[in-house]
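Below, each chain spelled out in residue letters.
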Amino acid sequence: MIGIYDYTVILTYLSMVSGATGIIISMTGIGHPYLGILFLMISGLLDAFDGKVARSKKNRTDFEKNFGVQIDSLSDLICFGVLPSAIGMAQLRISGRFTEVSKMPEIFTGDRIWVIVSMIVIAVFYILTALIRLAYFNVTGEERKEEALKTGVECFTGLPVTSAALVFPVAMILHWFVKYDLTYIYFAVMFLLGILFIGNFKIPKPNKAGLIIMILVGLIEFSLTIFILSKA
């Protein structure tokens, strides 16, 4: 078989499986956008450690390293590019607290079609910017290493797509706890993140303390989402 199947890539594979599952559940009648959010956060947690696990293997070949870089970006596109868009589109069917707005054929009538088209454009734009951001990250790897050696600080250019695992749960949690429908806010956040993905600015790579803080925030969001689902 082609590919690599040892422990160095298992977390990346599991992250992709989580992301793909979230997409299917969000977009079909078997689930709900909030279940998609759970899988988004699971993918985020797995992605936070896949690189460390991969680097724990000594004497990795260049092929193993390059393969790991490529599948990580492909997995990120699914988990943090396509999945948030799928959650947003699924949320368009939902009003308030798990109440269906209307059937899809009725949505595409009158002025509402322009709203739906706008949301689709934003969702596609978001996926495209995530794709561009990840491709840019891959081809500038050597430049980042050289810059890190000179400055002593490793930086990202543009907002990492993995930030979606922390940002979108906030939007969905707020949607539940306030009395107003914040679906359009979700798409506004999506549009803003898309712009930040391709922004030409530097962000220092989080240190251990920063990573711990992000994990704690993610756990809080995960717990709140479980609470929301328990009330559904």
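Residues numbered from 1 in each chain as written. Predicted model: local features only at pLDDT ≥ 70, side-chain atom pairs only at ≥ 80, totals over all residues. Heavy atoms only, no water.

Check the secondary structure of the protein chain and you find nine helices and four strands. Along its sequence from the N terminus, the protein chain presents helices and strands in the succession α-α-α-β-β-α-α-α-β-α-α-β-α. Here the C-alpha atoms of the protein chain give a radius of gyration of 19 Å, agreeing with the 17 Å that 2.2 N^0.38 yields for 232 residues. Each principal axis of the C-alpha atoms in the protein chain carries an extent, and together these give about 60 × 40 × 35 Å. Here the protein chain, with 232 residues, has 41% of them falling under the buried criterion. Of the roughly 12800 Å² of accessible surface on the protein chain, a fraction of 71% belongs to carbon and sulfur atoms. When the 19 basic and 17 acidic side-chain charges of the protein chain are each reduced to a single mean position, those positions are 5 Å apart. (Helix = DSSP H or I, 4+ residues; strand = E, 2+ residues; numbered from the N terminus. Rg over C-alpha atoms; globule rule 2.2 N^0.38 Å. Buried < 20%, exposed > 50% of the residue type's maximum accessible area, 1.4 Å probe, protein only. Areas by Shrake-Rupley, 256 points an atom, 1.4 Å probe, with all protein chains shown as cover. Lys, Arg positive; Asp, Glu negative; His and termini not counted. Charge placed at Lys NZ, Arg CZ, Asp CG, Glu CD.)

Overall, the coordinates contain ten aromatic pairs when judged by the stated rule. Ring geometry for Y5 against Y13: centres 6.5 Å apart, planes inclined by 50 degrees, an arrangement best described as tilted. For Y5, a relative accessible area of 54% corresponds to the exposed category. Classification of Y13 as partly exposed rests on a relative accessible area of 26%. Summarising the aromatic geometry, the rings of Y126 and F197 are spaced 5.4 Å apart at their centres and angled 50 degrees between planes, so their arrangement reads as tilted. With Y126 in helix α5 (residues 112-139) and F197 in helix α8 (residues 183-197), the pair connects residues that are 71 residues apart, well separated along the chain. F197 carries the same exposure label as Y126, and that label is buried. Members of the aromatic cluster, connected to one another through ring pairs, are Y126, F168, Y186, F187 and F197. (Phe/Tyr/Trp six-rings, centres within 6.5 Å; stacked < 30°, edge-to-face > 60°.)

Here we take up the packing of helix α1 (residues 10-27) against helix α3 (residues 62-91). Running from N to C, α1 and α3 point in directions that differ by 20 degrees, and their axes come no closer than 9 Å. Judged on the interaxial angle alone, α3 and α1 are roughly parallel. Where α1 crosses over α3, the two elements pack in a sense that is left-handed. Contact residues: T12, Y13, S15, M16, G19, A20, G22, I23, S26 and M27 in α1; F67, I71, D72, S75, I78, C79, V82, L83, A86, I87, M89 and A90 in α3. Of the residues in the contact of α1 with α3, the class split is 15 nonpolar, six polar and one charged. (Axes fitted to C-alpha atoms, helices over the stretch in contact; angles between N-to-C directions. Parallel < 35°, antiparallel > 145°, perpendicular 65-115°, else oblique. Left-handed = near helix turned anticlockwise from the far one by under 90°. Contact = heavy atoms within 4.5 Å. Nonpolar A, V, L, I, M, F, W, Y, C, P; charged D, E, K, R; others polar.)

The subject of this paragraph is the pattern of salt bridges. Applying the stated criterion across every chain yields a total of three salt bridges. With its nearest N and O atoms 3.1 Å apart, the salt bridge here joins D6 to K57. Taken as a pair, D6 in the segment before α1 and K57 in the loop between α2 (33-55) and α3 lie far apart in primary sequence, 51 residues in all. We classify K57 as partly exposed; its relative accessible area is 25%. Residue E64 is joined to K57 by a salt bridge in which the shortest nitrogen-to-oxygen separation is 3.0 Å. Judged by its relative accessible area of 16%, E64 falls in the buried class. (Salt bridge = Lys/Arg side-chain N within 4 Å of Asp/Glu carboxyl O.)

Further remarks concern the environment of L40. Mapped onto the elements, L40 comes out in helix α2. In this structure the C-alpha to C-alpha distance between L40 and T140, which are 100 residues apart in sequence, comes to 26 Å.

Turning to the packing of α1 against α2, a few remarks are in order. Where α1 meets α2, the closest approach of the two axes is 8 Å, and the angle between their N-to-C directions is 170 degrees. Between α1 and α2, the angle falls in the class roughly antiparallel. Here L11, T12, L14, S15, S18, G19, T21, G22, I25 and S26 of α1 lie close against α2, whose contacting residues are P33, L35, G36, F39, I42, S43, L46, F49, D50 and V53. Of the residues in the contact of α1 with α2, the class split is ten nonpolar, nine polar and one charged.

Looking at the element boundaries, E221 is found in helix α9 (residues 208-230). Despite being buried, E221 has no salt bridge partner; K52 is the closest side chain of opposite charge, sitting 18 Å away. Non-local contacts of E221, meaning those with residues more than four positions away in its chain, are made with M41, A165, L166, P169, V170 and I173.

Right, let's talk about the nonpolar core for a bit. F168, Y186, F187 and M190 are the most contacted members of the largest nonpolar core, which has 35 residues in total. Counting residues per element, the ones that place at least two in this core are α2, α3, α5, α7 (164-177) and α8. (Core = buried A, V, L, I, M, F, W, Y, C linked by side-chain atoms within 4.5 Å.)

This next bit is on the confidence of the model for the protein chain. Detail in the predicted coordinates should be disregarded across regions flagged by low pLDDT. With 90% of its residues at a pLDDT of at least 70, the protein chain reaches an overall mean of 86. For residues 96-105, every residue scores under 50 in pLDDT, and the model assigns this stretch 21 contacts once sequence neighbours within four places are set aside. (pLDDT = per-residue confidence, 0-100.)

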